[in-house]
Structure formats: structure tokens, C-alpha cells
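Working through the structure, step by step
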Amino acid sequence: MSKRSIFLDGAVTSISMEDAFWQELDRYSRARGMGWAEVVREWLAKATPSENRSASIKETILRLLRFEVDRFQGEEAATRAHWGIRLANTKEERVVETHGTQLIVGREWPAQIIIEDDEVSRRHAMLVSDGARWWVLDLKSKNGTLVGGKRTQSAELDLGTTFVVGRSRIKLVATG
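Residues numbered from 1 in each chain as written. Predicted model: local features only at pLDDT ≥ 70, side-chain atom pairs only at ≥ 80, totals over all residues. Heavy atoms only, no water.

A count of helical and extended segments in the protein gives 3 helices and 13 strands. Taken over 176 residues, the protein has a buried fraction of 47%. Here the contacts in the protein between residues at least 6 apart in sequence split such that 41% fall between residues at least 24 apart. Looking at the protein as shown, the accessible area adds up to about 9500 Å², and 46% of this sits on carbon and sulfur atoms. (Helix = DSSP H or I, 4+ residues; strand = E, 2+ residues; numbered from the N terminus. Buried < 20%, exposed > 50% of the residue type's maximum accessible area, 1.4 Å probe, protein only. Contact = heavy atoms within 4.5 Å. Areas by Shrake-Rupley, 256 points an atom, 1.4 Å probe, with all protein chains shown as cover.)

Listed below in C-alpha cells is the structure:
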């Protein structure tokens, strides 16, 4: 993961993202003949402000980058994945099939993956795919997102990788 800084509204804001997202943003920016910071400022001008500026910026960048890249390439990206979910205090794992390149994990609608766990935030984490790989990104949740037992901002998910939100476990079971 690497960090970049951008000057917004009279202040410098640092954004930490996976290298693959920065590379994709750079490719998209070059194709438009703009710098990455110009693209981000353009996108953020359309974004809804949030109390948590860093999380809002990260979520906006991920959402709009995926949308813009898909549109720019003339593709309709729809990635199918199966997620094994084991709620807190249960031994049973249910499998949920999803479609899309961006999925919100949270305690209630409009999350696409709803986890009935009081320690899960309404908008706890985002799952993002580039069509071949998946990442989990914590949305500045109160209790954090854990991968490999460690609290993380973002992590790439391989098949079988489990991450924890609240007291519940989610595992990437299958893709495609």
C-alpha cells in the first residue's frame, strides 16, 4: 500500500491505497490527459461530504475509478463471487453469491452483504474487484476490519482468505 497527498479545500489530505488502484488511476488519468490529482478533485467536487473526510475520499475514489474505467473501456463489469459468512456465535457458514465490482458490507441496507452483528457498522467495509482480484477496504468502521488477525485499512483477498468484521467472519469462497 502506498500513500499520496492532495491539496483540497485549503488543506493537505493523505490517502493510502493499494498500489494497483494508484496504477489504475494513473492509467485512467493519462488516457484523459490529466494528472491524477486533477481527476480526484473533479470527482470529489461531485461527492457528498462526510464527517470522516479520509474515508469519504477513499470510497469516492474507488467507486468512481471503477465506474469511469469500466465506462472508458466500454465494458460492463460484473464480477460474480461467493462469500462464506459465519455470524458471531454460530458454527454454520452460509454462502452468499454477489455480482458487481463494488460491494458494501454492513449491518443494514443499503449494504449488499448484510451482517447481523451489533459490532458491525452500518457501512463497515467495501469489497472491490478489478475483474480478477478482490480487496477488502475498511470504511473507517468503529471496530475495524481484521485480516490475518491484524486490523487493516485494505488488503487483497485470495480464495479462502478470511476477514473479520465485528464478531463475524467472511471468506472469499469462489469467483467467476
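There is more to say after this.
Let us now look at the sheet that holds strand E5 (residues 102-106). Taken together, the 5 strands give an open sheet; going across it, the order is E6-E5-E7-E8-E11, and neighbouring strands pair in mixed fashion. Strands with a single pairing partner mark the edges of an open sheet, and in this sheet they are strand E6 (113-114) and strand E11 (154-157). Looking at chain direction, E5 and strand E7 (residues 125-129) are connected through 4 bridges and run antiparallel. When the bridges of E7 are listed, isoleucine 104 appears paired with methionine 126. (Pairing = 2+ DSSP bridges.)

This part takes up the pairing of strand E2 (residues 11-17). Where strand E1 (residues 2-8) meets E2, 7 bridges bridge the pair, whose relative direction is antiparallel. In the sheet register, isoleucine 6 faces E2, and the bridge partner there is threonine 13. Between E1 and E2, which pair antiparallel in sequence order, lie 2 residues; one of them, aspartate 9, sits at a positive phi of approximately 50°.

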